[in-house]
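Chain and residue survey
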Amino acid sequence: MTVSEINVLPRSKEEQYSINKLMGLAVFGEITAARTYNLMAQLKPDYTALLKKFAKMEGQHAAWFLSACRKNDVEPDRAFADNELGYLISQVDAHFEAGDFDALAVVQGFIVESLAIATYGPFLSIAHKYPGTQQAFQKALDEEHYHVEWIKRYFYLRFYDCEDEFVALTDRVNVQGVDCIGGTMMNIARLLDTIGMSGADCAGRMMENYTGLLRDVGIEQKAATKNVVRLFMPLIRKYRHGESTKASAVA
Amino acid sequence: MSVIEPIDRVEALLWSTLCAFEDLAQRQYRAHVPELLSDAKARFVERVAERAGSSAILSESSVGGPIGRLLARATAEDRAATLNIQGLMLERLGLVIYQMAAESDGMSEEGRALASEGAEACQQVLDRVPSLLKAEISGGDARLSAFERSTSAVIQDLDALGEGVDREFSEPLDINYADVMGEFAGELLEDCVGLGMERRRLVVFLTGQLMGL
């Protein structure tokens, strides 16, 4: 379908502002995810081929999203995305330099993917407003689930019968990881509301998704819930009080 | 009346805070859910009141205002709302705080012992709430809708306690808002799921209320 065949619905200035930022985060977030999976591929030769495949899929998501932006008069806001993703990239780099594959798997496979799944799913209910996005987001969502399933299986096998080590790993990675990605969730909550989604719904889904992942690997449900809520509470309070969740201010 | 050893300001403030919650609970149960009144809890509340001393310490503190507003908001008009707000939610919140106080190195020995009693008293109430709620409202969806209606404003008001709780209790007692809320929400979710409420909808509801949305 060509650009001229698509009817872009008129949208308010606020919606345009919000969708530019959200799609900026989606496009550049996917590129960042591709980079992270490529770094992970370097650390585990046994999984190099698979993780490179994951990276390629994430890169494709970025390309699909970018194409959808062009068809819908959406200008992905790179500055906004850089602001949000900088903290994540520095964490990823630190874990990579330490050769810490498991930490990267928690950050990318659990925390980042939880954010993606928590937002892509609900986006489908408003995708009709942005022609061409339905198929792209549905396919991306399916593939994020596929990545998460592999990461879950990896952790399950890696930490079978030694869940305490997995708890220690998540304790080590979660504080910074959830502060970063959960912080982004809070920073986009109002933007999501503006385009017709619900920031609270997406934030709740992200918390529930992440809790479910921890549970599936072997952390007891209640302990997982408490852990995740405890990590999110400072972020929720900052959101409530209109404060930025990260050191750098969000426009 | 037993002779009470002088206690420090922070501990007195904690007891004064908990006393305010317990006082509301007693009044609410007496008005709407007498089955939840017990002699053991009544005796415990008397002891907490003795331990707390003057309520001035609460009203003059940074938590006084937010707690006053929260308790006003938590004053329910009927049995179902009382079961949800007081029986299900605030008893759980109380239990979490008593448990943390009972384990706090910053508390006196007597304070820790009293906090343990408080936790036990809350647990006894919590054990009785599910059957009463099931009898009052049938079906998980209906119970969740009632829970949302009754507790929404109260949960929203919990946020106002955060700053005061951290300022007053975090350093001396190692009781801070994020930990309390993490423990509270985790337990409350399980309580509610046990009553047939849908987990995801609950999580989204709680998150939305805490975000003030």
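Report follows, based on the coordinates.

Assigned secondary structure in chain A consists of eight helices and zero strands. Starting at the N terminus and ending at the C terminus, chain A contains elements arranged as α-α-α-α-α-α-α-α. For chain A, the C-alpha radius of gyration of 18 Å lies close to 18 Å, the compact-globule estimate for 251 residues. In terms of overall dimensions, chain A has C-alpha extents of about 55 × 45 × 30 Å along its principal axes. Taken across its 251 residues, chain A has 56% of its residues classed as buried. Relative to all contacts within chain A whose residues are 6 or more apart in sequence, the contacts with residues 24 or more apart total 81%. Taking the average location of the 27 positive side-chain charges in chain A and that of its 32 negative ones, the two points are 2 Å from each other.

Moving on: the overall build of chain B. Within chain B, the regular secondary structure consists of ten helices and zero strands. Scanning chain B from its N terminus toward the C terminus, one meets helices and strands in the order α-α-α-α-α-α-α-α-α-α. The C-alpha atoms of chain B give 16 Å as radius of gyration, which agrees with the globular expectation for 213 residues (17 Å, within 12%). Taking the principal axes of the C-alpha coordinates as reference, chain B spans close to 50 × 35 × 25 Å. Of all 213 residues assigned to chain B, the portion counted as buried reaches 57%. Across chain B, the fraction of contacts at a sequence separation of at least 24, relative to all contacts at a separation of at least 6, is 81%. Element-wise, carbon and sulfur atoms account for 48% of the exposed surface of chain B, whose accessible area totals about 8,800 Å². Averaging the positions of the 20 positive and the 36 negative side-chain charges in chain B gives two centres separated by 6 Å.

The tally for this structure, following the rule as stated, stands at 32 salt bridges over all chains. The salt bridge partner of A:Asp77 is A:Lys21, with a shortest N-O separation of 2.9 Å. Taken together, the residues A:Asp77 in the loop between helix H2 (48-71) and helix H3 (78-97) and A:Lys21 in helix H1 (residues 13-43) connect sequence positions 56 residues apart. The same class applies to A:Asp77 and to A:Lys21, which are both buried. Note that A:Lys226 is salt-bridged to B:Glu187, the shortest N-O span being 2.6 Å. Taken as a pair, A:Lys226 in helix H8 (residues 221-240) and B:Glu187 in helix H9 (residues 177-194) lie in two separate chains rather than in one. Taken individually, A:Lys226 and B:Glu187 each receive the classification buried, so the pair is uniform in this respect.

Bringing the packing of aromatic side chains into the picture now. To describe a pair of aromatic rings, you give the distance between the ring centres and the angle between the ring planes. Residues and elements named next belong to chain A. For the structure shown, the criterion picks out 23 aromatic pairs over all chains. Aromatic pair Phe 54 and Tyr 146: ring centres 5.4 Å apart, planes at 70°, arrangement edge-to-face. You can see Phe 54 sitting in helix H2 and its partner Tyr 146 sitting in helix H5 (residues 133-158), a full 92 residues away along the chain. Judged by centre distance (5.6 Å) and plane angle (15°), the ring pair of Trp 150 and Tyr 154 falls under stacked. Remark: Tyr 154 and Trp 150 occur in helix H5; sequence separation between them is four residues, near one turn of the helix. Considered together, Trp 150 and Tyr 154 belong to a single accessibility category, that of buried residues. Members of the aromatic cluster, joined through ring pairs, are Tyr 37, Tyr 47, Phe 54, Phe 101, Phe 110, Tyr 146, Trp 150, Tyr 154, Phe 155, Phe 159, Phe 166 and Tyr 210.

As a further point, take the interface of chain A and chain B. Of the residues lining the interface, 24 residues belong to chain A; the matching set on chain B comes to 27 residues. Carbon and sulfur atoms make up 62% of the surface buried where chain A meets chain B, a total of about 2,300 Å² over both sides. Across the chain A-chain B interface, the total number found is seven salt bridges. Between B:Glu183 and A:Lys226 there is a salt bridge, with the nearest N and O atoms lying 2.8 Å from each other.

On to unusual backbone geometry. Of note, A:Asp73 is a non-glycine position whose phi angle comes to about 55°, a positive value. Within the fold, A:Asp73 resides in the loop between H2 and H3. Its relative accessible area of 54% is what places A:Asp73 among the exposed residues. Although it is not a glycine, B:Asp174 sits at a positive phi angle of roughly 60°. Inspection of the secondary structure puts B:Asp174 in the loop between helix H8 (161-173) and H9. In this structure B:Asp174 comes out as exposed when scored by relative accessible area, which is 60%.

Moving on: a negative patch on the surface. Negative charge collects at one region of the surface, where A:Asp161, A:Glu163, A:Asp164 and A:Glu165 lie side by side. Here A:Glu165 is to be found in helix H6 (residues 163-194).

Further remarks concern a nonpolar patch on the surface. A contiguous nonpolar surface patch, about 370 Å² in accessible area, is contributed by A:Tyr156, A:Leu157 and A:Tyr160. Of note, A:Tyr160 is situated in the loop between H5 and H6.

All names here are of chain B. All buried positions along helix H4 (residues 64-73) are accounted for by Gly 64, Pro 66, Ile 67, Leu 70 and Leu 71. The buried side chains of H4 occupy one side of the element, clustering within an arc of 165° when seen end-on. Residues of H4 that are exposed and angled more than 90 degrees away from the buried face: Arg 69 and Ala 72.

About the cut-offs
Residues numbered from 1 in each chain as written. Chains lettered and ligands numbered in written order. Predicted model: local features only at pLDDT ≥ 70, side-chain atom pairs only at ≥ 80, totals over all residues. Heavy atoms only, no water. Helix = DSSP H or I, 4+ residues; strand = E, 2+ residues; numbered from the N terminus. Rg over C-alpha atoms; globule rule 2.2 N^0.38 Å. Buried < 20%, exposed > 50% of the residue type's maximum accessible area, 1.4 Å probe, protein only. Contact = heavy atoms within 4.5 Å. Lys, Arg positive; Asp, Glu negative; His and termini not counted. Charge placed at Lys NZ, Arg CZ, Asp CG, Glu CD. Areas by Shrake-Rupley, 256 points an atom, 1.4 Å probe, with all protein chains shown as cover. Salt bridge = Lys/Arg side-chain N within 4 Å of Asp/Glu carboxyl O. Phe/Tyr/Trp six-rings, centres within 6.5 Å; stacked < 30°, edge-to-face > 60°. Buried area = accessible area lost by both parts, 1.4 Å probe. Patch = residues over 30% accessible without salt bridge, like charges linked within 9 Å, V, L, I, M, F, W, Y side chains within 5 Å. Arc of directions from axis to C-beta.

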